Amino acid sequence: MLGKPVEVLSFQEGQAGLEAYLRGADALPLRDYVPLVEGTIVERLGRACCRGQLVRGEPDDDINYTFLALLILEDKGVGFERADVARAWLRLLPAGATWTAERAAYTTLLCNMDDEFVNGADAGFDLDACADNEYNEWIGAQIRADLYGWVCPGRPALAAELARRDAALSHRGEGINGAMFVAALGAAIPLAADLETAIDEALEQIPEDSETSAAVRFGQGLSADSSAVERLHERYAGMSPVHTLNNLALVIWALCSAGDDFGAAIGNAVAAGWDTDCNGATVGALFGLRGAEIPDAWTQPWDGRIGLSLAGYSEVTVDDVVERTVAVAASICPA
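The present account deals with the structure reproduced in this document.

Definitions and limits used
Residues numbered from 1 in each chain as written. Predicted model: local features only at pLDDT ≥ 70, side-chain atom pairs only at ≥ 80, totals over all residues. Heavy atoms only, no water. Axes fitted to C-alpha atoms, helices over the stretch in contact; angles between N-to-C directions. Helix = DSSP H or I, 4+ residues; strand = E, 2+ residues; numbered from the N terminus. Parallel < 35°, antiparallel > 145°, perpendicular 65-115°, else oblique. Left-handed = near helix turned anticlockwise from the far one by under 90°. Contact = heavy atoms within 4.5 Å. Nonpolar A, V, L, I, M, F, W, Y, C, P; charged D, E, K, R; others polar. Expected span 1.5 Å × (residues − 1). Buried < 20%, exposed > 50% of the residue type's maximum accessible area, 1.4 Å probe, protein only.

**Quick look at the packing of helix H9 (residues 174-188) against helix H13 (residues 244-257)**
In contact at an axis separation of 10 Å, H9 and H13 are set at 20° when each is read in the N-to-C sense. Classified by the angle their axes make, H9 and H13 are roughly parallel. Crossing hand, H9 versus H13: left-handed. On H13, the residues that touch Glu174, Gly175, Gly178, Phe181, Val182 and Leu185 of H9 are Thr244, Leu245, Leu248, Ile252 and Leu255. Broken down by class, the residue content of the contact of H9 with H13 amounts to seven nonpolar, three polar and one charged.

**Some details on helix H3 (residues 61-76)**
Compared with an ideal rise of 1.5 Å per residue, which puts 16 residues at 22 Å, H3 spans 22 Å between its outermost C-alpha atoms and is within 8% of the ideal. Buried residues dominate H3, accounting for twelve of its 16 residues. Where H3 is concerned, the buried positions are Asp61, Asp62, Asn64, Tyr65, Thr66, Phe67, Leu68, Ala69, Leu70, Leu71, Ile72 and Leu73. Phi turns positive, to about 70°, at Gly77, one or two residues after H3.

**A word on helix H8 (residues 156-167)**
When the terminal C-alpha atoms of H8 are compared, their 16 Å separation across twelve residues agrees well with the 16 Å that a helix rising 1.5 Å per residue should span. In terms of burial, H8 is a largely internal element, nine of the twelve residues being buried. Along H8, the positions that sit buried rather than exposed are Pro156, Leu158, Ala159, Ala160, Leu162, Ala163, Arg165, Asp166 and Ala167. Where H8 is buried, its residues contact H3, helix H4 (82-92), helix H6 (140-143), helix H7 (146-150), H9 and helix H16 (318-332).

**Describing unusual backbone geometry**
The omega angle of the peptide bond from Leu28 to Pro29 is -5°, so this bond is cis rather than trans. For Asp26, which is not a glycine, the phi torsion comes out positive at approximately 55°. Turning to its location among the elements, Asp26 is positioned in the loop between helix H1 (7-24) and helix H2 (41-46). Looking at Asp26, the relative accessible area reads 68%, which means it is exposed.

It is worth stressing that arrangement in space is one thing and function is another; only the former is reported here.
Below you can see the structure in the form of structure tokens.
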């Protein structure tokens, strides 16, 4: 919700435009929800998520996918397959609520699948074709990966494998590596001695010579660099603002540089630009797993309400999804 109102602004005007908006709203450093400035693109597209306007977690594709992962695990357990992910999309996820790689994969499904695939029949074509799209190394799979880490505490290899199966429906290469890393890091953090150890454990789940691994190490190396944001944008100049690599490097920098300050972690991640809602959410989720305090000021405005845009689910509560997530985690990793 912190990054959602400035997401399109970041895409259209870049980090400079985002910084100008926040500075003009007297919101730098960003340590609270984004202020509303009337007559701007933020007012037109993100009013409901701005400071003083927020009454719930507004529907967003990032949140849809996290809840979908929970539903898949509740239904199929850790033995789910890529086809189960595809069927869950077809039954529950509106095509209009998908973007880039996910929309391309969805289109391929609809154009090629057997009529009874959604009811359990074979797909009728090779599902690998769904990932044959121009966006298959963008951030979509990475934002779908969080819950697989949450439910596998201390088991990063399993978390990475679950994320891989989900990601493979629409992504390839670094798109899959990013998803595997984020899930593995979420699984490693709760039991690791420190964040650096958790990052090392998560990196063991992806190829050492991958660009994803290099992005993680680059972001980690910027943790004490006052010019980190500039260096991030220099290194990944010209890359799509919704690519896996640039956003993952930013996430790791924000996570490693904020210490125990939750507001600094998510605020710096969002203010640095690119895919602002995805990055704020990923950093916030990983930070929470460390057990440090999350101030009430971040949760009180949305009153435990989570909006969704899935078939049969328009709103759920934090208490409900926490209870259900913990139940899945207990079934996978008994105490």
